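# Secondary and tertiary structure notes
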Amino acid sequence: MSEAVCVAPTGCLLGEGPLWSPSEGFLWWVDIKRAKLHRYNPKTGNTRRYDLPLHASALALADGGLIMVGDREVGRYDTATEDYECLHKLNEPEGFRTNDGGMAPDGSFWFGTMDDAETLPEGQYYRLTSDFNVERIGLPEVLVTNTFQFAPDSNTFYTSDSAEQMILAYSYDPDTGGLSNRRVFASTLEAGCYPDGSALDAEGYLWNAQWAGSRLVRYAPDGSIDRVVKLPVSRPTSCAFGGPELTTLYITSARIGLSDAALDRQPMAGSLFALDVETPGLPVPEFGHARSL
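Residues numbered from 1 in each chain as written. Predicted model: local features only at pLDDT ≥ 70, side-chain atom pairs only at ≥ 80, totals over all residues. Heavy atoms only, no water.

### Regarding the sheet that holds strand β5 (residues 46-51)
- The strand order across the open sheet built from four strands is β2-β3-β4-β5, with neighbouring strands paired in antiparallel fashion. On the outer flanks of this sheet lie β2 (15-21) and β5, each paired with one strand and no other. Adjacent strand axes in the sheet meet at a mean angle of 20 degrees when their direction is disregarded.
- Strand direction decides the pairing type here: strand β4 (residues 36-41) and β5, joined by six bridges, are antiparallel. By the bridge assignment for β5, Asn41 is matched with Asn46. (Pairing = 2+ DSSP bridges. Helix = DSSP H or I, 4+ residues; strand = E, 2+ residues; numbered from the N terminus. Axes fitted to C-alpha atoms, helices over the stretch in contact; angles between N-to-C directions.)

### Thoughts on the layout of surface pockets
- For the largest pocket, the calculated volume is near 470 Å³.
- The wall of the largest pocket is formed by 29 residues, among which Pro18, Leu19, Gln149, Ala240 and Val284 lie closest to the centre.
- Only β2, β6 (56-62), β10 (96-103), β14 (145-150), β18 (194-200) and β22 (236-242) provide two or more residues apiece to the lining of the largest pocket.
- Approximately 370 Å³ is the volume found for the second largest pocket.
- Lining the second largest pocket are 22 residues, and of these Met114, Glu118, Val144, Asp196 and Trp211 lie nearest its centre. (1 Å grid on protein atoms, 1.4 Å probe; cavity = no way out; pocket = protein on both sides within 12 Å on 5 of 7 lines; lining within 4 Å. Points joined across faces, edges and corners; volume = space filled by probe spheres on them.)

Printed below as a string of structure tokens:
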């Protein structure tokens with residue numbers, strides 16, 4: 001597939017949080033607004049949908065189940081029994097919710113929050129440590145938190161300030177977990193779109209889904225654009241590598257806020273897409289397990 005093709009026409013209102021499970025051979029993702037968990041099996045092409053007790057927004061693998069953040073809490077979901085356990089309530093204002101998240105090299109799960117009305121630029125950054133403590137990360141507040149990725153050498157953290165149309169980079173200290181040297185890695189201002197979720201490949205190139213841009217962009221480690229992949233939907237939301245060799249890039253999308261006329265032009269909005277790539281993805285560690293360097 002030199003172009004992205006639809007593999008699961010699920011019509012998600014706000015598809016997000018794609019996560020590949022190597023042990024199962026499944027791709028998991030969520031529909032935030034409908035409080036659903038989706039599962040795609042590429043061997044059969046089958047999908048399955050689970051009802052959730054919260055509006056989950058990001059996932060991590062954990063002991064055969066999933067760590068999930070949603071609404072204003074952190075929980076654990078057993079995919080076999082469909083039981084959910086709340087682990088932590090977040091001290092966030094009414095009307096705020098979690099958004100994107102990702103695994104850090106030390107096995108902690110990092111995630112962000114946002115004002116669901118997208119009015120107050122007071123989104124916070126958190127991490128769930130391997131001993132199940134929640135810590136606030138001292139980064140500047142933003143309107144919409146997205147992208148939680150760490151470079152292959154574990155020395156750089158990437159995140160998106162979506163509303164300001166910036167992908168940011170920080171120097172990361174693997175020994176202390178500290179961040180410094182905030183800088184703009186890339187801007188989507190001239191393209192007129194918004195950086196959303198991302199995935200890193202083994203060469204350290206960052207793939208970013210761009211809301212309102214109908215595209216997926218591969219950025220070199222210096223922030224220059226290496227490749228642009230056009231998509232048949234205007235609101236891609238995130239991406240994750242999957243498949244036995246991590247050479248399939250799965251892309252989630254949304255249909256929320258699109259007019260009837262727009263939906264007529266992009267009937268696959270809200271679907272899951274797949275793109276074959278030459279450079280494999282960077283393996284994502286399970287929660288509580290440090291990344292192998």
